[in-house]
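# Observations on the three-dimensional arrangement
Here is how the chains run, residue by residue.
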Amino acid sequence: MLPDIAIETKNLTRRFGDFTAVDNVSLIIPAKTIYGFLGPNGSGKSTCMRLITGLLLPTSGSIRVLGMNIPEQTESLRLRIGYMTQKFSLYDDLSVIENLRFIAQIYNLDFHLGKQRINEQLHAYELDQRSTRLAGSLSGGQRQRLALACATLHKPELLVLDEPTSAVDPENRRDFWEKLFDLCDQGTTILVSTHYMDEAERCHGLAILEGGKKRADGSPNQLMKDLGAQVVEIGGDNLRQLKQQLIADTNVVSAAQQGTHLRVLIDNRIEHPQQWLQQTFAELMQNRSINIVRPSLEDVFVHCTGEGRQ
Amino acid sequence: MFLTTRSTLNSLQRMQAIMVKELRQLSRDKPTFAMIVMIPLIQLLLFGFAINTNVRDLSVALVDQSHSEIARALVADLTATQVVHFVKTYQTPDQASKAITRGEVRAALVIPRDIAQRIGDERPLAQWLIDGSDTMVGSALLGLRNMPLTTLNSRGFATNFSTTKPTFEMSLFYNPQRVAAINIVPGLVGVILTMTMVMFTSAALVRERERGNLELLITTPVKPMELMIGKIMPYVFVGFIQLAIILGLGNIIFDVPINGRIDHLFFAVLVFISASLTLGMLISTVAQTQLQAMQLTVFILIPSILLSGFMFPYEGMPAAAQWIAESLPATHFIRMIRGIVLRGATLMDLWPDLLWLAGFTVIGLIVAAKRFKKRLD
Ligand SMILES: Nc1ncnc2c1ncn2[C@@H]1O[C@H](COP(=O)(O)OP(=O)(O)OP(=O)(O)O)[C@@H](O)[C@H]1O
Ligand SMILES: [Mg+2]
């Protein structure tokens, strides 16, 4: 039986010289769910994943994956995980099917099972038309599908995907996520990193990373509920000017223009943001619409990572 | 029991996967493929021409059948030239020529019973049996034919011996026409194999790292030793292709004979290829970039050309250079291949070099596999 927790890290820290890439991160990732790492560039998502897969040694802290202590038991973990690196890491000078065959042999699938699995994967990832094309000549989306097909060839219990959709258009991204949900339904635990809010919102659980630190974690809904700020949309003219003036106030966490609105995050210290705005910026708020709206994940992200910047 | 067979089979399957992958990549890498053929071809033609240098301190044997004062004086004169250095004595010319075949000595001086008589008759005093396969050794010894007989004269043994008459009779074995190519070509096998084998594998792991393949590869169950062996195996075939080119063309263009047994030749080449590939693998675990790998390859290649006995006879080198030479696989191999191809020696005659190369391969592979961590840091 699988433990209910697929991945657990305690105070995980990794330094490169005197730079701390992952700083005291504790995570609990339940089995058979899709868990996301959301964070800007350089926030330590890849480093975290490499620590979890045993590719890097932690400076301190503990890691347990599928009931095994990492890095000590990394070798026994290898057969049970699939890992898709951020940079395409299959062989450009081998064809689609040759890459799949290589992976099948490396994981010791026997000849018939291997052949059958490869055909299944080619079909499932819509690569059967291109099975003899060199991997280097595939488009971004096709490559990602090939990489996923290879990572899931041996039916791993845990799938670690590092920014799998960074080079993929929105439609292919949607298809890709359908595949992930299929895999999850079949019992695979998936850890995925992303910069995209819409992707993060699809995850069952989520950790927001910034500067190597975990800023928040929980389900997307929970995170939005627990947001330490309220979201106000302000309409009207001269939004850019308005933004400059609002942002100067310490109670305003952030302000971002979205078409005809300015989306403003106001700290929870302020009980009635609408009234507060009208009182504090009486002149500026004349002839403007002010509406409180439901927070989005992006608001959560901005709020969490904004704190870090201050 | 079941488990061990199962895991051995798994291990073999993974090695085979790596090997097939390497072969595929190699066959699609046109420049490398061209190099496999062009390097031996060009080098063969370039080095087909002789290189001459002064030679000193050749190891030679003595067969003294006269046991006379004259013989001792002659040996003293020869030693004074510093060209030869007597290291062995044998009872019969036959024993001495066997020692030449084994490569223990380069030549043997046979002093006949009737040396005193010969001085009187103005016939050559003694006979040199020479391993002519190394033309530089051959010419150095041929030069002795007219050496000054200082000691002999001062002791009054050869006062009336005409200076225009040759002192020695010379028998050149293995390369009677003294063709340089005959010596160069087998040595060239050693140099070219060092160059290509070390070069191809020294970048093997670095290339995977630079292209980002390594991060995937080390998350799979593949073991370091399987990776090493799987990666070097395809190049064994490459090495044999090169061997065929060099010896084949050497035979056609330069009339280099193959005197020894072909199976012994193949085995010697196999062991040397393995040792060179292992050396490349070791470099690959040290180098961080392909450029570094290439620099380290050159670092190995230059002494392999200069010190291995390919260009200059081993005996003429200072002790320090000989020490370095002994630590290079090429030195051991060049000794072996010259023995087999030119003198018809067998592996039994050459076992110390064979053992050295085999030991180097095994230890080198273990060290390379140990050095290779399935980690990114
Ligand atoms: N091997 C290394 N040596 C030194 N610093 C490193 C190393 N690997 C990562 N870092 C640093 O650690 C930080 C986190 O890097 P990481 O790759 O984990 O970020 P990321 O969240 O995956 O970013 P991205 O979205 O750009 O992929 C970066 O500042 C990076 O420069
Ligand atoms: Mg990353």
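Before reading on, note that the structure itself is shown above.
Conventions and cut-offs
Throughout, residues of each chain are indexed from 1 in the direction in which the sequence is written. Key to labels: chains lettered from A, ligands numbered from 1, both in the order written. With the structure being a predicted model, the display of local features is reserved for residues of pLDDT at least 70 and the display and counting of side-chain atom pairs for 80 or more, all residues being used for whole-chain, interface and lining totals. Calculated side-chain values reflect all of the structure's heavy atoms, with hydrogen atoms and water omitted. Numbering goes from the N terminus for both helices and strands, where a helix is a DSSP run of H or I of at least four residues and a strand is a run of E of at least two. The rule is simple: take the accessible area with a 1.4 Å probe, protein chains only, and divide by the maximum for that residue type; under 20% is buried, over 50% is exposed, in between is partly exposed. Throughout, a residue-residue contact means that at least one pair of heavy atoms, one from each residue, lies within 4.5 Å. Reported accessibility uses the Shrake-Rupley method at a 1.4 Å probe radius. Residues are deemed covered only where the shown protein chains occlude them. Positive charges are assigned to Lys and Arg, negative charges to Asp and Glu, while His and the chain termini are left out of the count. Positions of charges follow a simple convention, taking NZ of Lys, CZ of Arg, CG of Asp or CD of Glu. Here the rule is simple: two strands pair whenever DSSP picks up at least two bridges between them. All axes here are fitted lines through C-alpha atoms, helices being fitted over the stretch that makes contact, and every angle between N-to-C directions spans 0 to 180 degrees. For this description, a residue counts as near a given molecule or strand if any of its non-hydrogen atoms is within 4 Å of it. Within 3.5 Å is the distance limit for a polar contact, defined as a pair of N or O atoms, with the added protein rule that one can donate a hydrogen and the other accept it, and that residues adjacent in sequence qualify only through two side-chain atoms. In the scheme used here, Gly and all other residues not listed as nonpolar or charged are polar, with Ala, Val, Leu, Ile, Met, Phe, Trp, Tyr, Cys and Pro taken as nonpolar and Asp, Glu, Lys and Arg as charged. Any N, O or S atom lying within 2.8 Å of the metal counts as a donor, and for Na, K and Ca the limit rises to 3.2 Å; water is left out, so some sites can look incomplete.

A few words on the overall build of chain B. When helices and strands are counted, chain B shows 16 helices and 5 strands. A burial count over chain B gives 56% of its 377 residues as buried. For chain B, long-range pairs separated by at least 24 residues make up 81% of all intrachain contacts whose partners lie at least 6 apart in sequence. Counting only carbon and sulfur atoms, one obtains 64% of the accessible surface of chain B, whose full area is about 16,300 Å². The averaged location of the 25 negative side-chain charges in chain B is 10 Å from the averaged location of its 33 positive side-chain charges.

All names here are of chain A. Across the sheet, which stays open at both edges, the 4 strands sit in the order β12-β13-β11-β14 with antiparallel pairing between neighbours. At either margin of the open sheet sits one strand with a lone partner, and together these are β12 (252–258) and β14 (290–293). Strand-to-strand twist in this sheet, taken as the mean axis angle between neighbours without regard to direction, amounts to 25°. Bridging between β12 and strand β13 (residues 261–267) involves 6 bridges; their strand directions are antiparallel. Across the sheet, residue Val252 finds its bridge partner in β13, namely Ile266. Contacting β11 (229–234), β12, β13 and β14, helix α10 (residues 273–280) crosses the sheet at an angle of about 150° to β14.

Another point: the site of ligand 1. Residues and elements named next belong to chain A. Within the structure, ligand 1 sits among 14 residues, and Lys45, Ser46, Thr47, Gln86 and Glu163 are positioned closest to it. The contact in question runs from an oxygen atom of ligand 1 to an N or O atom on the backbone of Gly42, over 2.8 Å. For ligand 1, an oxygen atom lies 2.8 Å from a polar atom in the side chain of Glu163. Against a free-state accessible area of 630 Å², the protein chains account for coverage of 64% of ligand 1. Elements with a minimum of two residues in the shell around ligand 1: β2 (19–30) and α1 (45–52). A per-element tally of the shell around ligand 1 places α1 first, with 3 residues. Split into classes, the residues belonging to the shell around ligand 1 amount to 4 nonpolar, 8 polar and 2 charged.

This next bit is on the coordination of the magnesium ion (ligand 2). Residues and elements named next belong to chain A. At 1.9 to 2.1 Å from the magnesium ion (ligand 2) lie its protein donor atoms, namely Ser46 (OG) and Gln86 (OE1). On the criterion of sequence distance, the pair formed by Ser46 in helix α1 and Gln86 in the loop between β6 (81–84) and α3 (96–106) is long-range, its members being 40 residues apart. Ser46 gets classed as buried once you look at its relative accessible area, which sits at 15%.

The subject of this paragraph is unusual backbone geometry. Residues and elements named next belong to chain A. For the peptide bond that leads from Ile70 to Pro71, omega is 10°, which places it in the cis range. The residue Pro71 is located in the loop between β5 (68–70) and α2 (74–78) in this model. With phi around 50°, Asn11 is a residue other than glycine that occupies positive phi space. Inspection of the secondary structure assignment puts Asn11 in strand β1 (residues 5–16). With a phi angle near 45°, Glu163 is a residue other than glycine that sits in the positive phi range. Take Glu163: its relative accessible area is 6%, and that puts it in the buried class.

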